[in-house]
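Residue strings, one per chain:
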There are 2 protein chains.
Amino acid sequence: MRLLLMIIAFLMPLTPASAQPAGPIPYDGWTLVIHGGAGTIDRERITAEQDASIRASLSQALETGSAILREGGTALDAIEATLRLLEDDPQFNAGRGGVFTWQGTIEHDASIMDGSTRAAGAVTGTSNTRHPVTLARRVMDSSPHVFLSREGADQFSREQGLEQAENDWFETEYRRGQWEAFRARIESGEEIGVLDIDYKFGTVGAVALDRHGNVAAATSTGGMTGKRWGRIGDSPVIGAGTYADNRGCAVSATGDGEYFIRAGVAHEICAQIRFRFQMLLEAARASVPLDDEGVPEYYVHASEFGLETADMQQIADSVIAEMGDLGGTGGVIVTTPWGNSVYSFNTPGMYRGMAGGDRESSVAIYGDE
Amino acid sequence: MRLLLMIIAFLMPLTPASAQPAGPIPYDGWTLVIHGGAGTIDRERITAEQDASIRASLSQALETGSAILREGGTALDAIEATLRLLEDDPQFNAGRGGVFTWQGTIEHDASIMDGSTRAAGAVTGTSNTRHPVTLARRVMDSSPHVFLSREGADQFSREQGLEQAENDWFETEYRRGQWEAFRARIESGEEIGVLDIDYKFGTVGAVALDRHGNVAAATSTGGMTGKRWGRIGDSPVIGAGTYADNRGCAVSATGDGEYFIRAGVAHEICAQIRFRFQMLLEAARASVPLDDEGVPEYYVHASEFGLETADMQQIADSVIAEMGDLGGTGGVIVTTPWGNSVYSFNTPGMYRGMAGGDRESSVAIYGDE
């Protein structure tokens, strides 16, 4: 703080009067950004039918959440509804269509976080909860805890009356085939890079800003094909795969979970954006306005203080690059309380979509579109 | 970055030539900081015998790790050896002496992180592994994963040949008594604040800087009395209860795990120290020197650039205060690659100790010592 004030003290007399902002402008729009996994997705691996089908699913998920946000619903409700749809969609590695574990079962991880309160809920290794994202939300809303695991998480799910499913309800022929191929390679004694991105491709996530000015993030996954020893990836780890903070942004990640945990990707992006914004506010001698209850309203327009979408992009890209330097691949979606939204990934493609604000709703698959 | 460069550009002409550092000074000391839990520890609750016994245990643990560091051993080896001792000590809520779950079993969480590579290992819900911190290290060193859970983690532990113990080996009369009192209160229909700090008091942790200039952090715990649904606290969550990064610091936390996860306490402290140091380096137009292999040597003396122990204290205190604003209590231990070490806690006391550098080895219990 001392240093920052010193810098500001030096800066102040040099700032031209015309650079003083006119004052914060409330942002009353909304945004929704989704992903369906990042990996070696290129035009040669995906048929025209698959391409069309994935785009249709992403568009439908985007529209489901957008309808809630457009009507003034909360970011939490929007991302939960969006992910429930993607969990039910067998094309994605979450809920139905999740990958198989070493033992041939399907185990889910999910998390959700509310940027307005930094309340969070997460579950790992559930086997019978139809919608893991809803269970994560219930952990947040109806338990004193943040993070529940395995049989205990499923037990909490039953006690809460959430919809249950037999484990084989989550199975798809495609994922069984992947697992059989994986087992065959293992049994032939082949060395497999278990962190190979294509064995876990298809995690789903959503981040949103609602018209109340709050951001939220959620992520849901089946993890990686052949996972064992109760392996936990980044998706249910608050700060790694998911983070939301009204003072910074909301982030959902997908990729090599181990590297995302080590780099603390979601929290790192939020922290960098928060620090940048605070510095800009202090340099402009401005402050975040308070609402009727004395709570800071973080949806003041950051661009008034020089915080542009390009800054967000640079921050997200640098954190993904840093995670990449550790050896990982994957991507993130980011949205701020000021309406900026970016994707960032170091893989050839990422299933993704964006809606809201003054932009047209769009979905994309490949890195070059 | 743009803003930072702008600030630096403004600052540069104003920096007097005499403020230019003479150049980075390698730090060849070592430090070790430990904790044994934070809570409502005051002189009225602790007998003279308990006080002496706790201090003796902390001193012995400190000396065990110090001996390794003094001889040029690694921070990882020092913190692992230190925590193994505290895990075996029935006075602490880790390993033997861990608290009882809802069902009356004992389940451990632990994690470890290497600041030089940001490699990490963590386990949650193990029942039969004698030294959870060693299992966490084995996950880091000998698996492709970072985080393993419950039966799977114990299975990995057996496959690795680690020492096993029957679950009742971890039991102590004192913890059984706490659990029976807890169950009696539950059965009488009393509302219990399950996050009450005194039901989980006694987590152990260690952070160290070795003579090679690397920092590392580790944490080990039995969690909270009466925990259920496979609850996971902050101790095994990389970024919440444990984080280490040679560019910033090493942190181990203890307290209301749920709040530490939500605030991302360990990663937040590391990120703030890293950003502060980077700003100071850039402002001084200095850079971190590279070693023979081109790896940055982060143990340049930060005080040459104006980064003092008081700055670390202020950062740690502000993050603990922010976690406190969310509603939590607890504390952290922090050490940097530059030899600064601090404690910070918002509870009446924290079992703690510090050794190395040019300071005398010391242990403390209450907040006012």
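Preceding this paragraph is the structure being described.
Computed from a predicted model, the values in this text were never measured in an experiment.

So, how was this worked out
- Residues numbered from 1 in each chain as written.
- Chains lettered and ligands numbered in written order.
- Predicted model: local features only at pLDDT ≥ 70, side-chain atom pairs only at ≥ 80, totals over all residues.
- Heavy atoms only, no water.
- Axes fitted to C-alpha atoms, helices over the stretch in contact; angles between N-to-C directions.
- Helix = DSSP H or I, 4+ residues; strand = E, 2+ residues; numbered from the N terminus.
- Parallel < 35°, antiparallel > 145°, perpendicular 65-115°, else oblique.
- Left-handed = near helix turned anticlockwise from the far one by under 90°.
- Contact = heavy atoms within 4.5 Å.
- Nonpolar A, V, L, I, M, F, W, Y, C, P; charged D, E, K, R; others polar.
- Buried < 20%, exposed > 50% of the residue type's maximum accessible area, 1.4 Å probe, protein only.
- Pairing = 2+ DSSP bridges.
- Buried area = accessible area lost by both parts, 1.4 Å probe.
- Salt bridge = Lys/Arg side-chain N within 4 Å of Asp/Glu carboxyl O.
- Least-squares fit on C-alpha atoms with pLDDT ≥ 70 in both.
- Core = buried A, V, L, I, M, F, W, Y, C linked by side-chain atoms within 4.5 Å.
- Phe/Tyr/Trp six-rings, centres within 6.5 Å; stacked < 30°, edge-to-face > 60°.
- Lys NZ or Arg CZ within 6 Å of the ring centre and 35° of its normal.
- Expected span 1.5 Å × (residues − 1).
- Arc of directions from axis to C-beta.

A. Structural detail: the packing of helix α2 (residues 48–70) of chain A against helix α3 (residues 75–88) of chain A. All names here are of chain A. At a minimum axis separation of 8 Å, α2 and α3 run at an interaxial angle of 155 degrees. The angle between α2 and α3 places the two elements in the roughly antiparallel class. As for the relative orientation of α2 and α3, their crossing is right-handed in sense. The segment α2 lies against α3, with Ser57, Gln60, Ala61, Thr64, Gly65, Ile68 and Leu69 engaging Ala75, Asp77, Ala78, Ala81, Thr82, Leu85 and Leu86. Its residues assigned to classes, the contact of α2 with α3 shows eight nonpolar, five polar and one charged.

B. Region of the structure containing helix α5 (residues 150–159) of chain B. Taken together, the buried positions of α5 of chain B are occupied by Arg150, Gly152, Ala153, Asp154, Phe156 and Ser157 of chain B. In this fold, the buried residues of α5 of chain B make contact with β4 (147–149) and α5 (150–159) of chain A together with β3 (119–126), α4 (132–142) and β4 (147–149) of chain B. Positive phi appears at Gly161 of chain B, one or two residues downstream of α5 of chain B, with a value of about 75 degrees.

C. Region of the structure containing the pairing of strand β12 (residues 362–366) of chain A. Residues and elements named next belong to chain A. In the sheet, strand β11 (residues 349–356) pairs with β12 via four bridges, with the strands oriented antiparallel. Each bridged residue has a counterpart across the sheet, and for Gly353 the counterpart in β12 is Val363. Connecting the antiparallel pair β11 and β12 is a turn made up of five residues, with Gly357 showing a positive phi of about 65 degrees.

D. Molecular detail of the environment of Gly152 of chain A. For Gly152 of chain A, the location among the structural elements is in helix α5. Residue Gly152 of chain A is classed as buried on the basis of its relative accessible area, which comes to 11%. In this view, Gly152 of chain A contacts Trp229 and Gly230 of chain B; residues no more than four positions away in its chain are not counted.

E. Quick peek at the interface of chain B and chain A. Facing 59 residues of chain B, the contacting portion of chain A comprises 59 residues. Summing both partners gives a buried area of about 5,100 Å² for chain B against chain A, and 63% of it is carried by carbon and sulfur. Considering only the surface of chain B that becomes buried against chain A, His145, Trp229 and Arg262 of chain B emerge as the three largest contributors, covering 16% of it. Linking Arg247 of chain A and Glu322 of chain B is a salt bridge whose minimum nitrogen-to-oxygen distance equals 3.1 Å.

F. Just the relation of the copies chain B and chain A, in detail. If you rotate chain B by 180 degrees and push it 0.0 Å along the axis, it lands on chain A with an RMSD of 0.0 Å. Between the two chains, the operation in question is that of a two-fold axis. Comparing interface residues between copies, 100% of those in chain B also lie at the interface in chain A; the contact surface is shared.

G. Up close: the pairing of strand β2 (residues 108–114) of chain A. All names here are of chain A. When you tally the buried positions in β2, you get seven out of seven residues, the bulk of the element. Neither face of β2 is exposed, since His108, Ala110, Ile112 and Asp114 on one face and Asp109, Ser111 and Met113 on the opposite face are all buried. Remark: four residues form the turn of the hairpin made by β2 and strand β3 (residues 119–126), two consecutive strands paired antiparallel; Arg118 in that turn has positive phi of roughly 55 degrees. Here β2 runs beside strand β6 (residues 215–221); their pairing, made up of six bridges, is antiparallel. Paired with Ala110 across the bridge in β6 is Ser220.

H. Spotlight on the sheet that holds strand β10 (residues 341–345) of chain A. Residue and element names in this part refer to chain A. Taking strand neighbours across the sheet as the criterion, the four strands line up as β7-β8-β9-β10 in an open arrangement whose pairing is antiparallel. Because the sheet does not close on itself, it has two edges, and the strands there are β7 (242–244) and β10. Averaged over all pairs of adjacent strands, the angle between their axes in this sheet comes to 10 degrees, without regard to strand direction. When β7 meets strand β8 (residues 250–255), the two strands line up antiparallel, connected through three bridges. Counted as the bridge partner of Thr242 is Ser252 from β8.

I. Summary view of the sheet that holds strand β5 (residues 204–209) of chain A. All names here are of chain A. Taken together, the eight strands give an open sheet; going across it, the order is β4-β3-β2-β6-β5-β1-β11-β12, and neighbouring strands pair in mixed fashion. If you trace the sheet from one side to the other, it starts and ends with β4 and β12, each paired once. Here the strands of the sheet are splayed against their neighbours by 10 degrees on average, with no regard to which way each runs. Relative to β6, β5 is paired through six bridges, and the arrangement is antiparallel. Its bridge partner being in β6, Gly205 is matched across the sheet by Thr219. Along the sheet, helix α4 (residues 132–142) makes contact with β2, β3, β4 and β6, crossing β3 at roughly 135 degrees.

J. Spotlight on the nonpolar core. Residues Ile269, Phe277 and Val332 of chain A together with Ile269, Phe277 and Val332 of chain B are the most contacted members of the largest nonpolar core, which totals 110 residues. Contacts of Val332 of chain B, omitting those with residues within four sequence positions, involve Val251, Ser252, Ala253, Phe260, Val265, Ile269, Ala316, Ile320, Val342, Tyr343, Ser344 and Met350 of chain B.

K. Structural detail: unusual backbone geometry. Of note, Arg150 of chain A is a non-glycine position whose phi angle comes to about 50 degrees, a positive value. Along the chain, Arg150 of chain A falls in helix α5. Given the relative accessible area of 13%, Arg150 of chain A is considered buried. In this structure, Arg118 of chain B is a non-glycine residue whose phi angle is positive, near 55 degrees. Relative to the helices and strands, Arg118 of chain B resides in the loop between β2 (108–114) and β3.

L. Up close: the packing of aromatic side chains. What the rule picks out here adds up to 13 aromatic pairs over all chains. Ring centres of Trp169 of chain B and Phe170 of chain B lie 5.3 Å apart, and the angle between their planes is 80 degrees; on these two criteria the pair is classed as edge-to-face. Owing to a relative accessible area of 25%, Trp169 of chain B belongs among the partly exposed residues under this scheme. A cation over an aromatic ring shows up here: Arg183 of chain A above the ring of Trp102 of chain A, its NZ or CZ 4.8 Å from the ring centre.

M. Quick peek at the packing of helix α8 (residues 265–283) of chain A against helix α8 (residues 265–283) of chain B. Between α8 of chain A and α8 of chain B, the shortest axis-to-axis distance is 11 Å and the interhelical angle comes to 50 degrees. The orientation of α8 of chain A with respect to α8 of chain B, classified from their angle, is oblique. Seen from above, α8 of chain A lies across α8 of chain B with right-handed handedness. Of the residues in α8 of chain B, those touching α8 of chain A at His267, Glu268, Ala271, Gln272, Arg274, Phe275 and Met279 of chain A are His267, Glu268, Ala271, Gln272, Arg274, Phe275 and Met279 of chain B. For the contact of α8 of chain A with α8 of chain B, the per-class residue count stands at six nonpolar, four polar and four charged.

N. Geometry of the pattern of salt bridges. On inspection of all chains with the given rule, the structure shows 38 salt bridges over all chains. One salt bridge connects Arg150 of chain A with Glu107 of chain A, and the closest N-O pair in it is separated by 3.0 Å. Here Arg150 of chain A, found in helix α5, pairs with Glu107 of chain A, found in the loop between α3 and β2; they are 43 residues apart in sequence, far enough to count as distant. The network of salt bridges with common partners includes Arg118, Asp245, Arg247 and Arg274 of chain A together with Glu268 and Glu322 of chain B.

O. Region of the structure containing helix α9 (residues 309–326) of chain A. Residues and elements named next belong to chain A. Helix length check: α9 (18 residues) gives 26 Å between terminal C-alpha atoms against 26 Å at 1.5 Å per residue, within 8%. The complete set of buried residues in α9 reads Asp311, Met312, Ile315, Ala316, Val319, Ile320, Glu322, Met323 and Leu326. Buried residues along α9 cover an arc of 165 degrees about the axis, so they all sit on one side. Turned more than 90 degrees away from the buried face of α9 sit Ala310 and Asp325, all of them exposed. Directly after α9, the chain includes Gly327, whose backbone phi takes a positive value near 125 degrees.

These figures come from the coordinates and say nothing about function on their own.
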